Amino acid sequence: MVKNIAYATEEETLMGNGVNLRTLTNDGGSAVISDYGAHLLRWAPAGQPDVIWTPRTWHFEAGQPVGGGVPVCFPWFGPGFVHGGQTAKRPIHGFARLRQWALDEGAFTSARVRYVLDSERLTTGEVPWIEDEPNVRFHAAYEVCASDTLTMTLTVTNTGGEPMSYEAALHSYLHVGDVLGARLVGLRGATYLDATEAGFPPKLQEQPSVMFGDQPVDRVYYSDAALELQDHVLGRVIRIGKTGSPQTVVWNPGEQGGNAIAHAKTGEWRGFVAVEAAACRDRIVALSPGESYMLSQSIAVMPLG
Ligand SMILES: O=P(O)(O)OC[C@H]1O[C@@H](O)[C@H](O)[C@@H](O)[C@@H]1O
C-alpha cells in the first residue's frame, strides 16, 4: 500500500494491510500515528508545516520499518550493545517498531493516544533477546500527547522475576527546510561518540552548534540538555526537551546515505535531522523485578527570533 501522508484524514483510521492509523486533531495541532510500531508519522501545531519528517511516499510492509516519523527503538538500539560491547542483532533498532502495538481504547482522545506492547504477546525467539537473561518479561507503554506541543513517553516495566536490561530511543526525524542551513544548539561542551568512524571514538563538541552537510553526522552525545534546532529556511526553531535520556543521538546521513533511504527520493534527506532521546550503549537501562523506567521527549515550535 502506497500512501502519501498529506492525504491522511480522520476517516482513514482503518487502513488496508491490517494497519490502523489514528488521527489526533484539536485546536493546538494534529498528529497521525500507526498501530504498526506505535509509529508517529505526522505532527504539526495548527498553522505550521509538518514538524515530523517522512519521505513523501511510503508504505507499510510487515517486518520492515516505516520510513521517517518517530520509530520507537526498543529493546536495543542500532545493532545492540551488551556487557560493554557492540553486538550484531537484527532487526536494527529492535523489534518494537516492527510489531503491532495494542491500542488502549480508553486512553484514545483527540489529543492523546496510548499503546501497549507486552512480552506475553510476543513470539518465542523475540523474548528473551539477551541470551543470558532467559526469563525476561516486560510491559511497555507508549503515550503520545499531541496539541501545540508533542510529548512522547515510553515506560518499560520489568514484569518478570529476574533483572532485565534494555536500550531504547525515541528516534525523531525532525523536518527542516534544508539541513544544510540547520543548526542544532545546546550541545557545546558535551562529549560524543562519533559513529561515522571505526570504534566510535569519543570527541568533544567545541562548536556552539552542530551543523550538517553532504557528509554524514552520526553521534551519541552524553547530554540530556534541552536543545534548539534552528531552521533558517522555515523561519522557526524546534525546541526539544527530554527526560530519562542520558544521551542524545544526532543523525543525518548526508548525501550518499540519504539518497539510499528506502522510499525517499533524491534530495529528500535534506529535509530532516534526527534528534533522539536515548539510553543506549554504556547507558543501558537496568531494571530489578517490578521496576519501571520512563524515557520521554517533548517538542515545541517557536518563531526564529
Ligand atoms: O533505521 P532508520 O530509521 O533508517 O535509522 C537508521 C539510523 O538511526 C540512527 O539512530 C543511527 O544513529 C544511525 O546510525 C542509523 O543509520
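Remember, predicted model here, so these are calculated numbers, not experimental data.

### Considerations on the UniProt feature "active site" (unreviewed entry) in the chain
Per the UniProt record, "active site" (unreviewed entry) is found at H171 and E276. Across 106 residues in sequence, these annotated residues keep their C-alpha atoms within 4.6 Å of one another, forming a single compact spot. The annotated residues that sit in the lining of the largest pocket are H171 and E276. Tracing the backbone shows H171 in strand β14 (residues 168-175). Setting aside residues up to four positions removed in sequence, H171 forms contacts with G69, V70, P71, C73, H93, W251, A274 and E276. Inspection of the secondary structure puts E276 in strand β23 (residues 272-279). E276 sits in the buried class, given a relative accessible area of 1%. Once residues lying within four places of it in the same chain are set aside, the contact partners of E276 are F77, A169, L170, H171, S172, Q247, T248, V249, W251 and Q297.

### Remarks on the site of the ligand
Around the ligand, the structure places F77, H93, R97, H171, Y173, D218, V249, W251 and E276. H171 places a polar side-chain atom, nitrogen or oxygen, 3.0 Å from an oxygen atom of the ligand. Between Y173 and the ligand, the recorded distance is 2.5 Å, taken from a side-chain N or O atom to an oxygen atom. When isolated, the ligand has an accessible area of 400 Å², and the protein chains bury 73% of it. Put simply, the ligand lies in the largest pocket. Going through the elements one at a time, β14 and β22 (247-252) are the ones with two or more residues in the shell around the ligand. Looking at the shell around the ligand, its residues break down into 4 nonpolar, 2 polar and 3 charged.

Scoring rules and cut-offs
- Residues numbered from 1 in each chain as written.
- Predicted model: local features only at pLDDT ≥ 70, side-chain atom pairs only at ≥ 80, totals over all residues.
- Heavy atoms only, no water.
- UniProt positions renumbered as here; feature names shortened; annotations may be inferred.
- 1 Å grid on protein atoms, 1.4 Å probe; cavity = no way out; pocket = protein on both sides within 12 Å on 5 of 7 lines; lining within 4 Å.
- Helix = DSSP H or I, 4+ residues; strand = E, 2+ residues; numbered from the N terminus.
- Contact = heavy atoms within 4.5 Å.
- Buried < 20%, exposed > 50% of the residue type's maximum accessible area, 1.4 Å probe, protein only.
- Near = heavy atom within 4 Å.
- Polar contact = N/O pair within 3.5 Å; in protein donor to acceptor, adjacent residues only side chain to side chain.
- Areas by Shrake-Rupley, 256 points an atom, 1.4 Å probe, with all protein chains shown as cover.
- Sits in = over half its atoms within 2 Å of the grid points.
- Nonpolar A, V, L, I, M, F, W, Y, C, P; charged D, E, K, R; others polar.

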